[in-house]
Amino acid sequence: MQPTDATGDDLQLPGKDRNFVTALARGLELMRAFGAGEEYLGNAELSKRTNIPRPTVSRLTYTLTQLGYLQHNTHLEKYRLGPGVLALGYRFLANMGIREIARPHLQKLADATDCNVSLGGADRSDMVYLETCHGHGPLIIRLDTGSRLPIATSAIGRAWLCGLSDERRQQVLQELASVYGSSEWPRLEAGIMQSIKDYAQYGFCLSEQDWQRDISAVAIPLILEGGAEVMAINCGGSSLRLDHDRLVNNLGPRLKEVANQIKQELAPRFRSTR
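The paragraphs below set out a description of the structure included in this document. Everything numeric in this text was worked out from a predicted model, so none of it was measured.

## What to know about helix 3 (residues 54–66)
Helix length check: helix 3, at 13 residues, gives a terminal C-alpha distance of 18 Å against a target of 18 Å (1.5 Å per residue), a fit within 8%. Of the positions making up helix 3, those classed as buried are Thr56, Val57, Leu60, Thr61 and Leu64. The buried residues of helix 3 all sit within an arc of 130° when viewed along its axis, so they share a single face. Away from the buried face of helix 3 by more than 90 degrees, exposed residues Pro55, Arg59, Tyr62 and Gln66 are located. Buried residues belonging to helix 3 abut helix 1 (22–32), helix 2 (43–50), strand 1 (70–73) and strand 2 (78–81).

Next up, the structure:
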């Protein structure tokens, strides 16, 4: 059976690639199987979620526990993520200089608009918040760093798609189509196509109650180093106060200014690394 990740997406294992270490890939998939708010999982649950045979799961969990990436509760006979995973996450975030530069600009916009303003990067079919700043407005859902939003329905995900090359975007769209299937994909694809039109017209994307019925947002791609790195920034909040006019004529233009400021500050850093 084909292993899957925590979101249910198939894990593509290139079996004929001599350089691909399947055991390592499976170990990483086990750690990805822990969803938000889920503290403990047993070998049987991990096997079911990943489609990895249970004997293999038992060996992998033992190894990951010895290395500190999992912790074993002997009373429950289950595992939870260990401090090794957290250490890796902190090192990743610490090495992203963009967060240091972006945060003051994101917070300034959040304070001025009473919205949630976030920087995100793509991970399979989701966007992951790498930095997020909160205003003081009535947010329906308060998301923090590490939160995941679907690429297909969120403004930040659609903006990220708009920042990709045509070839890469088509590849991602095909992957998303296989994730959602023929019953859901036509509706989601129509929303993405509308966002691409919005980006061509306004320079940013909109999601008006598409991801959550109570949430509306605008977003813009952050295209760095000529497209070598593509991230995205969003600004959103309660749909009760963020109507279409405010999204298009207020938040969108402000977000474009923030993106330009971040790119201007990042430019010298990119030049210095060449």
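## Some remarks on the pairing of strand 1
Pairing geometry for strand 1 and strand 2, over 4 bridges, is antiparallel. Paired with Leu70 across the bridge in strand 2 is Leu81. Between strand 1 and strand 2, which follow one another and run antiparallel, lie 4 residues, and Glu77 among them has a positive phi close to 60°.

## Quick look at the pattern of salt bridges
Throughout the structure, instances matching the rule amount to 11 salt bridges. A salt bridge links Arg103 to Glu131; the nearest nitrogen and oxygen atoms lie 2.7 Å apart. A residue pair is termed long-range when its members are at least 10 positions apart, and Arg103 in helix 5 (residues 97–113) and Glu131 in strand 4 (residues 126–134) qualify at 28 residues. Overall, the relative accessible area of 37% leaves Arg103 in the partly exposed class. By relative accessible area, which is 6% here, Glu131 ends up buried. A salt bridge links Arg158 to Asp210; its shortest N-O distance comes to 3.0 Å. One end of the pair, Arg158, is in helix 6 (residues 155–163); the other, Asp210, is in the loop between strand 6 (205–208) and strand 7 (215–224), with 52 residues separating them in the sequence. Relative accessible area serves as the criterion here: at 5%, Arg158 is assigned to the buried category. Through salt bridges with shared partners, one network takes in Glu29, Arg32, Asp123, Arg124, Asp126 and Arg148.

## Here's the deal with unusual backbone geometry
With a phi close to 65°, Asn51 is a non-glycine residue in the positive phi region. Relative to the helices and strands, Asn51 resides in the loop between helix 2 and helix 3. On the basis of relative accessible area, Asn51 is assigned to the partly exposed category, the value being 24%. Its identity as a non-glycine residue notwithstanding, Arg124 has a phi of 60°, on the positive side. With respect to the secondary-structure elements, Arg124 resides in the loop between strand 3 (116–123) and strand 4.

## Things to note about the packing of aromatic side chains
This model, assessed by the stated rule, comprises 1 aromatic pair. Look at Tyr202 and Phe204: their rings are 5.5 Å apart centre to centre, the planes differ by 15°, and that puts the pair in the stacked class. By relative accessible area, which is 23% here, Tyr202 ends up partly exposed. The class for Phe204 is buried, based on a relative accessible area of 2%.

## A few points about helix 5
Its 17 residues give helix 5 an end-to-end C-alpha distance of 25 Å, which sits within 8% of 24 Å, the value for a rise of 1.5 Å per residue. In the structure, helix 5 departs most strongly from a straight axis at Arg103, where the bend amounts to approximately 35° and where the proline Pro104 lies between one and four residues downstream. Once helix 5 ends, the next one or two residues include Asp114, with phi positive near 55°.

Definitions and cut-offs
Residues numbered from 1 in each chain as written. Predicted model: local features only at pLDDT ≥ 70, side-chain atom pairs only at ≥ 80, totals over all residues. Heavy atoms only, no water. Helix = DSSP H or I, 4+ residues; strand = E, 2+ residues; numbered from the N terminus. Expected span 1.5 Å × (residues − 1). Buried < 20%, exposed > 50% of the residue type's maximum accessible area, 1.4 Å probe, protein only. Arc of directions from axis to C-beta. Contact = heavy atoms within 4.5 Å. Pairing = 2+ DSSP bridges. Salt bridge = Lys/Arg side-chain N within 4 Å of Asp/Glu carboxyl O. Phe/Tyr/Trp six-rings, centres within 6.5 Å; stacked < 30°, edge-to-face > 60°. Bend = angle between axes of the 7 residues up to and from the residue.

Everything listed is a geometric property; what it means functionally is a separate question.
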